[in-house]
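Topology and contacts: notes
Below are the chains, spelled out letter by letter.
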Amino acid sequence: MHPTRLTAAVAALALSASLATAFVAPAVAAPQAQPVPPGHGKSLALAAADDAAESGLDELRHGADEELVRTSVTPWANGLYYASYERTYRGLPVVGGDAVVVSDSTGKVREVTGAPAPALRLSTRAKVTSAAALATARAQLASVESADAPELTVLLKGGKAVLTWHTRVVGRTAKNAPSALDTYVDANTGAVARSTDKILHADGRGYHNGNVTIDTAAGSMTDTTRGSFKCGGQNGSAYTGSSPWGNSGANDLVTACVDIMYAAQKEHSMLKEWFGYNGQNGQGGMVPARAGLSEVNAYYDGTKTTYGRNQNGTMQLTGIDVVAHEYGHEIFDRTPGSAGSSNENGGMNESTGDIFGALTEHYANNPNDTPDYTVGEKLNFLGDNKPIRYMYNPSLANNDPNCYTQLSSGTEVHAAAGPQNHWFYLLAEGSSPGGGKPNSPICSGGPSSVTGIGIQKAGKIFMGALLMKTSSWNHLAARKATLTSAKNTYGSAECIAVRTAWNAIGVPAQSGETDCGGTSTPDFSLALNPSSGSVQAGASVTSTVNTSTTGGSAQTVQLSASGAPSGVTVSFSPSSVTSGSSSTMTVQVAAGTANGTYPITVTGTGSATHTVTYQLSVGSTNPPTGCGNTQKTYQGTLASGQAQAQPDGSYYYAAAPGTHVGCLRGPAGADFDLYLQKWNGASWVDVAVGGTETADENTSYYGTAGYYRYVVHAYSGSGAYTLGLTAP
């Protein structure tokens, strides 16, 4: 082992442990007799979220060959955390079936949203080769600049699972339009199962923001304080030079980059200061930008934003709302659920760009572009000196729909932005705001008037809703999510305003949507510990059903089970509990029961009904061993000398004594070490060490209940590693 190098590396971790999870017992059950590690509220929230995902709570239900993998965590107001999950099937990524769990720092699950997913049962053996699939994907474009290597992926399409090869092909269409096609080729038939263009075009305007301050390096238009953000020409390289940048020329491309960087940085600051959100990509940065496209166009393609010129060639399309619109697409793309494939979803993506354009204009408050709720008003895009979209009254441009009821599956995506744009204006400003701001019409059947709550509040509610987005996002889901966001972030009055604005554009009330009343709606949550078990025929296995009160007062929850195969009986002791208490579930397997894996649905019935899923394996009782069969798996990448804490930079809580097994697999030729540490009430101390001079390490430690974490240390060499963990 190498204690000297490790000490410095672990010191860099600062013992912050800001994100945490739990393997089995709910973190709310952790005793508080001793000081807890830093970031305890987050650990409780994420433990609750992971328990919900592991147990298949409600919309998180998944089969024995499926797993919900936590991909991101976003802290929010009032101690809330948004944890997003992607589904896998036999190790393959699944497109669709993603989910978000909202939990709080007391360890309660507050909300669960999930894209619909059928039970997955399909072969993962492809009949079509990856090379043939790539050729099919490339053939969709007239010319190809680049194409990713195909990845075997399960695509959920029309309620069915399809094995596909997924690739992104970048190039030009037959009409010479730029394109970045996310393509899924059926791995059995070779046909294109789905193809979605990641390039989202904005009808923008070009103008200059005057003399402004931007953040750049001394000699290039790069901004390392915001990830890898930079601006340059069409070759992808940042422009070089020195401050002051640009010459105020309408078609000078360095000046165009000044406008781009100014608007993008203002949007970044707005997200942080108004919403507490960490940049357009949620991780502190944003994609780079390119100026000088010789077309009337501006777009985002998932890897960059690109800006062209206006119709007459008199200026570049680099206004605040155009730039913020494009980076609004990145926000939509990088929040849970990414961008969907339907026209309605695409319209809401376009609307998201418009909303963030308006938000950024209001935050910047630049006298050269006074804040408004129109798009392209200075571009003269159509030669009539009019905006191309009016958020307060979308019908003023091309008779775009004002109301949800006017949408159809064939509505063009920019036109389909109308209803949500209209909703946002009503929420922010109201139907008759005064002060020189335009009035906004109300759709048939709506309220007589709407009172706005201000653009900053409206924006934060909208941002909070995007963090609950799934791949099946639509107006109905947005209504539910924004109501939840308003109630959680602000309270009853703002929730009522959100509801009134949706009513005003004709989006109907949804089953299970948040009650905007001043009191909390009675509710509870369920979790299983463990959520799966193996047993031989003629024996039994147990699991603990944990309940918690998530709203209102504690209530009686009646427990029942369904879906058990012939020969299997399920009982609960006790059969009903007060929320906040637990029950022992016993699964008795009769002699002669056929071997196999069986999902058993556990239902809790109280003021609401919730379900979790127990995966029963009959005929196999092998305990988890090695890296391939551990309870949890984590990945990371280290440079030589660096160290990382796991799980997810944090720790977990073991509620009972038992054996902790760690299995590290590092990059070939490197020397990685593995340390299991336990919290002693004041600091982390080593309790087990794997310190051989290889990349692979194994540890096993029997310990008492408490807080634990693993530290992976790259003593020499760099690269990616996998860590498998099993805990009591």
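The sections below set out a description of the structure shown in this document. (Residues numbered from 1 in each chain as written. Predicted model: local features only at pLDDT ≥ 70, side-chain atom pairs only at ≥ 80, totals over all residues. Heavy atoms only, no water.)

So, on to the environment of Ser351. Of note, Ser351 is situated in helix α6 (residues 343–364). On the basis of relative accessible area, Ser351 is assigned to the buried category, the value being 0%. Each C-alpha atom of the pair Ser351 and Lys487 lies 23 Å from the other, and the pair is 136 residues apart in sequence. If near-sequence neighbours (up to four positions away) are discounted, Ser351 is found in contact with Ala417, Gln420 and Asn421. (Helix = DSSP H or I, 4+ residues; strand = E, 2+ residues; numbered from the N terminus. Buried < 20%, exposed > 50% of the residue type's maximum accessible area, 1.4 Å probe, protein only. Contact = heavy atoms within 4.5 Å.)

The next thing to look at is the packing of aromatic side chains. For any pair of aromatic rings, the description rests on two quantities: the centre-to-centre distance and the angle between the ring planes. Inspection of the entire model under this criterion finds 19 aromatic pairs. Between Trp423 and Phe462, the ring centres sit 6.3 Å apart and the planes meet at 50°, which makes this aromatic pair tilted. With Trp423 in helix α7 (residues 418–429) and Phe462 in helix α8 (residues 455–466), the pair connects residues that are 39 residues apart, well separated along the chain. Both residues of the pair, Trp423 and Phe462, belong to the buried class. Following the ring pairs from residue to residue traces out a cluster consisting of Phe356, Trp423, Phe424, Phe462 and Trp502. For the cation-ring pair, Lys457 lies above Tyr490, with the distance from its terminal atom to the ring centre recorded as 5.2 Å. The ring centre of Phe332 lies 4.3 Å from the NZ or CZ of Lys469, which sits over that ring. (Phe/Tyr/Trp six-rings, centres within 6.5 Å; stacked < 30°, edge-to-face > 60°. Lys NZ or Arg CZ within 6 Å of the ring centre and 35° of its normal.)

Quick look at the sheet that holds strand β20 (residues 532–535) now. Paired through their backbone hydrogen bonds, the strands of a sheet run either parallel or antiparallel. Reading across from one edge, β20-β27-β26-β22-β24 is the order of the five strands in this open sheet, with mixed pairing throughout. The sheet is open, and its two borders are formed by β20 and β24 (576–578), each paired with just one other strand. Strand-to-strand twist in this sheet, taken as the mean axis angle between neighbours without regard to direction, amounts to 30°. (Pairing = 2+ DSSP bridges. Axes fitted to C-alpha atoms, helices over the stretch in contact; angles between N-to-C directions.)

What follows concerns the nonpolar core. Counting residues in each nonpolar core, the largest one holds 59 residues, and the members touching the most others are Phe275, Phe356, Leu359, Trp423, Phe424 and Met463. The element best represented in this core is α8, accounting for seven residues. Met463 has contacts with Trp76, Leu271, Phe275, Tyr277, Ile331, Thr335 and Phe356, leaving out every residue within four places of it along the chain. Core analysis: the second largest hydrophobic core is formed by 38 residues, Ala83, Val577, Met585 and Val602 among them. (Core = buried A, V, L, I, M, F, W, Y, C linked by side-chain atoms within 4.5 Å.)

Here we come to the pairing of β20. The alternating pattern of β20 places Gly533 and Val535 on a buried face, while none of Ser532 and Ser534, on the opposite face, is buried. Of the pairings in the sheet, the one linking β20 to strand β27 (residues 609–618) comprises four bridges and is parallel in character. The residue bridging Val535 from the neighbouring strand is Val618, located in β27.

Reading across the sheet, the four strands line up as β28-β36-β31-β34 and stay open at both edges, with antiparallel pairing between neighbours. The sheet is open, and its two edges are formed by β28 (632–638) and β34 (696–703), each paired on a single side. On average, adjacent strands in this sheet sit at an angle of 15° to one another, irrespective of strand direction. Sheet topology places β28 next to strand β36 (residues 719–726); seven bridges connect them, and they run antiparallel. Across the sheet, the residue bridging to Gln635 is Thr722, located in β36.

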